[in-house]
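Summary of the model geometry
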Amino acid sequence: MAAKLTAKWITGVEERVIMLLPYLLMFFAVGFVTWYMRRMQRISAMISKIPGPPTLPLIGNAHLFFGLDMEGFNNIQLDLINTYGPTVRVWLGPFLWVNLAEPEHIEAILSSEYGTNKDPTYRFFKVHCDGIFVASGDRWRKLRKMVNPTFHQKLLENFLTTFNEQSDVLVQKLEEQVGKPTFDIGEYTGKCTLDFLCGTLMGVKTEEQIENRCDFAKNLVESVTIIKKRFYTLHYQSDWIFNCTELSKQLNAFVKPLHDFVKQVILERKNIKQSEDPKDGFVNVDVVQGKNRSIYLDTVLEQFKHLSNDELTYLTTDLFIAGADTTKVATAYTFALLGSNPDIQEKVYQEVNDVVGDGEFNMHKLASLPYMEMVLKEVLRLFTIPAIVRQLERDHNIGDITLPAGTSVQICFYAVHRDSRFWRHPEKFHPDHFLPEEVAKRPRYCYLPFGYGPRNCPGYAFAMLSMKTMVGSVIRKYRITSDLNLENAEYNNIFMLELKNGYPVQLTKR
Ligand code: HEM
């Protein structure tokens, strides 16, 4: 009897809810549309001075970007900038994107503490490294405070031992290519970069260049490849769809052992630091024994004793994500471009020979290679990360325009680095762009290969020192030739502007 009464009562409630539902839905729909229209009116009024392509109902300008890879993406940005000027607005459905290639506007965003949040599109990396690279707001501020003091001059000086050792290994490995047909030097710079990073950050000799002794590098490369694929595939944008795919399982299969490895190394370093007589490593590689070689992880362990092993793992993995591809690609481009510009190569060789000879690269010598510095700067002008995207925390002024909070601001390094207002030969490899008198003529913020402001690249000195050591070590032993022609080069759809078919070079002994 009681059960029958309850059932009847429930049915009564249900009936009333069902009757009310259309009114409730209509109420919320009207409320949402009113809110949305007001928001759009406000935003449209605020950005009315920013030009942009005509929009379609609902999708805005999203149709311009469907199915594009990185190269197509860069080209469309350039087209937009050429057509509408260096500050362009684009609507991706209801989301406002503003592309910036005007140095003053770029400075206004990058130097502001309210322009430091990453755009939500970076969230795909969270599976990999929920640390400084993807963090926003207070979490990012906390992590950044930890990273800043760790890359100090003294520590970088200690890293030079690893840079020299591993560059020597690279020189030996390249011997196998002498006199052979064209090969992709990117494979070599990639492995050498990983050995640099493993040695200096974690104190681990992975010896990726010599033999595949652990799966760390493989897991890193494969997992980043999947994340990039996700980034440019429309239907993988939804977590729900992506998590149901085979690709998501593969990603986890790479990420888990990667994190486990870093965690094991952390435990190992703790063991080494605490014990006078450290036991054999339980990671599958030789840990660089001894407290006498300073590495990044030790510095972090000393300065931030309260960090959990998980936090330390994220912090360390982040540096690999941020530092591995970038340095590998920039150095590979350098070799290929030196190969296709023999005059420039000879000048770099002469400089290295005069300053370093057959000796080691130390801080003083590395600082005394001005021409090599110009060459690397020019490589990074052409081929740094093409763009970064920030999401504004508050309404923000750029010149006489106020951008609304929530706007995704894309800083187009690619466009500003190839803007003919600032560069005599925008599309060419021309290191003389960095002669002091040329630099003096340009606005400061038209060259930002490592970003700028509170969220710039903390690894820029690491990158420059490591690249100089790698390039200098190779060039004093080998003469490089390359048929790379930037005019018909094809690029790949990844974060750094990579060459589709690798970095072609041939080597002869000097
Ligand atoms: C040629 C090599 C490199 C280039 C061109 C480069 C470029 C950049 C750029 C443009 C950013 C800013 C990204 C943004 O604002 O969204 C960045 C961030 C970062 N880079 Fe580098 N980088 C290089 C090498 C390295 C290396 C070797 C490391 C570490 C060992 C490193 C660590 C980082 C980290 C941790 C961030 C994130 C900083 C933050 O969000 O606060 N980078 N890098």
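Everything below is about the structure shown above.
As a convention, each chain's residues are numbered from 1 in the sequence order in which they are written. Local features in this predicted model are restricted to residues of pLDDT 70 or higher, and side-chain atom pairs are both shown and tallied only at a pLDDT of 80 or more, whereas totals for entire chains, interfaces and linings draw on every residue. Derived side-chain values reflect all non-hydrogen atoms in the structure, with water molecules and hydrogen atoms excluded from consideration.

**Focus on the site of the ligand**
Quick note on the threshold: Nearness here has a simple test: a residue counts as near a molecule or strand if at least one of its heavy atoms is within 4 Å of that partner. Here a polar contact is taken to be a pair of N or O atoms separated by no more than 3.5 Å, where protein atoms must pair a possible hydrogen donor with a possible acceptor and residues adjacent in sequence count only if both atoms sit in side chains. Note on conventions: DSSP H or I runs of at least 4 residues are helices, E runs of at least 2 residues are strands, and numbering of each starts at the N terminus. Residues are sorted three ways: Asp, Glu, Lys and Arg are charged, Ala, Val, Leu, Ile, Met, Phe, Trp, Tyr, Cys and Pro are nonpolar, and all the rest, Gly among them, are polar.
In the vicinity of the ligand, 26 residues are found, and the nearest of them are W140, R144, R390, R455 and C457. At 2.8 Å, a side-chain N or O of W140 approaches an oxygen atom of the ligand. At 5 residues, the largest contribution of residues to the shell around the ligand is made by helix α11 (residues 309–340). The class makeup of the residues in the shell around the ligand is 15 nonpolar, 7 polar and 4 charged.

**A word on the packing of aromatic side chains**
Stated formally: Pairs were defined over the aromatic rings of Phe, Tyr and Trp, the Trp ring being its six-membered one, requiring ring centres within 6.5 Å. Orientation was assigned from the angle between planes: stacked under 30 degrees, edge-to-face over 60, tilted for the rest. Between buried and exposed lies partly exposed: a residue is buried under 20% and exposed over 50% of the maximum accessible area for its type, with that area taken using a 1.4 Å probe on protein chains only. Here, a charge over a ring is recorded when the distance from Lys NZ or Arg CZ to the ring centre is within 6 Å and its angle to the ring normal is within 35 degrees.
Counted according to the given criterion, the structure contains 18 aromatic pairs. Between F32 and W35 the ring centres are 5.7 Å apart and the planes differ by 40°, which places this aromatic pair in the tilted class. Placement of both F32 and W35 in helix α1 (residues 2–46) is noted, with a separation of 3 residues, approximately one turn of the helix. Their ring planes at 80° and their centres at 5.2 Å tell us that F163 and F462 sit as a pair that is edge-to-face. You can see F163 sitting in helix α5 (residues 153–174) and its partner F462 sitting in helix α17 (residues 460–475), a full 299 residues away along the chain. Each member of the pair, F163 as well as F462, carries the same accessibility label: buried. Aromatic rings pair up to connect F159, F163, F196 and F462 into one cluster. Here the basic side chain of K118 rests over the ring of F133, its NZ or CZ set 4.2 Å away from the ring centre. One cation-aromatic arrangement involves R381 over W423; the distance from NZ or CZ to the ring centre is 5.0 Å.

**Some words on the coordination of the iron atom of the ligand**
Note the following rule: The donor definition counts N, O and S atoms within 2.8 Å of each metal and applies 3.2 Å to Na, K and Ca; water is not among these atoms, so some sites may look incomplete.
You will see that the iron atom of the ligand has only one donor from the protein, C457 (SG), lying 2.3 Å away. Mapped onto the fold, C457 is located in the loop between α16 (436–441) and α17.

**Considering the nonpolar core**
Inclusion rule: Working definition of a nonpolar core: buried Ala, Val, Leu, Ile, Met, Phe, Trp, Tyr and Cys residues. They are joined through side-chain atoms within 4.5 Å. By the convention used here, residues are in contact when the closest approach between their heavy atoms is within 4.5 Å.
Membership of the largest hydrophobic core comes to 147 residues, with the highest contact counts inside it found for M202 and L403. When residues of this core are assigned to their parent elements, the largest contribution, 14 residues, is made by α11. Not counting the four nearest positions on each side in its chain, M202 is found in contact with L197, F216, F261, V262, V265, R269, I295, L297, T316 and F320.

**Structural notes on the side chain of E351**
Convention followed: Residues scored as positive are Lys and Arg, those scored as negative are Asp and Glu, and His as well as the terminal groups of each chain are ignored. By convention in these notes, a salt bridge is any Lys or Arg side-chain nitrogen within 4 Å of a carboxyl oxygen on Asp or Glu.
Within the secondary structure layout, E351 lies in helix α12 (residues 342–355). Buried charged residue E351 carries no salt bridge. Nearest counter-charge: K468, at 7.9 Å. In this view, E351 contacts L369, P370, Y371 and M372; residues no more than four positions away in its chain are not counted.

**So, helix α7 (residues 216–231)**
Note the following rule: For a helix, the expected span equals 1.5 Å multiplied by the residue count minus one.
In this model α7 runs 23 Å from its N-terminal to its C-terminal C-alpha over 16 residues, within 8% of the 22 Å that 1.5 Å per residue would give. Every buried residue of α7 is listed here: F216, A217, N219, L220, S223, V224, I226, I227, K228, R230 and F231. Here the buried face of α7 lies against α6 (186–202), α8 (239–243), α9 (246–274) and α11.

**Comments concerning the packing of α5 against α6**
To keep things clear, this is the line we draw: Only the stretch in contact is used when fitting a helix axis, every axis being a line fitted to C-alpha atoms; angles between N-to-C directions are given from 0 to 180 degrees. Comment on the angle field: the value is read as roughly parallel under 35 degrees, roughly antiparallel over 145, roughly perpendicular from 65 to 115, and oblique elsewhere. Note: crossing handedness is left-handed where the near helix turns anticlockwise from the far helix by less than a right angle, and right-handed where it turns clockwise.
Direction vectors running N to C along α5 and α6 enclose 155°, while the axes themselves pass 9 Å from each other. In terms of axis orientation, α5 runs roughly antiparallel to α6. Where α5 crosses over α6, the two elements pack in a sense that is right-handed. Contacts from F159, T162, F163, Q166, S167, L170, K173 and L174 in α5 reach Y188, C192, D195, F196, G199 and T200 in α6. Here the residues of the contact of α5 with α6 sort into 7 nonpolar, 5 polar and 2 charged.

**Focus: the state of the cysteines**
Under the convention used in this document: Counting rule for disulfides: a pair of cysteine sulfur atoms within 2.5 Å.
On inspection of all chains with the given rule, the structure shows 0 disulfides. Just so you know, C412 is unpaired, no disulfide at all, and the nearest cysteine sulfur is the one on C446, 15 Å from it.

**Regarding the side chain of T200**
Structurally, the position occupied by T200 is in helix α6. Judged by relative accessible area, T200 falls into the buried class, the value being 1%. Of note is the side chain of T200, whose polar atom sits 2.7 Å from the backbone oxygen of F196. The contacts of T200, once residues within four sequence positions are left out, are F159, T162, F163, I295, Y296 and F462.

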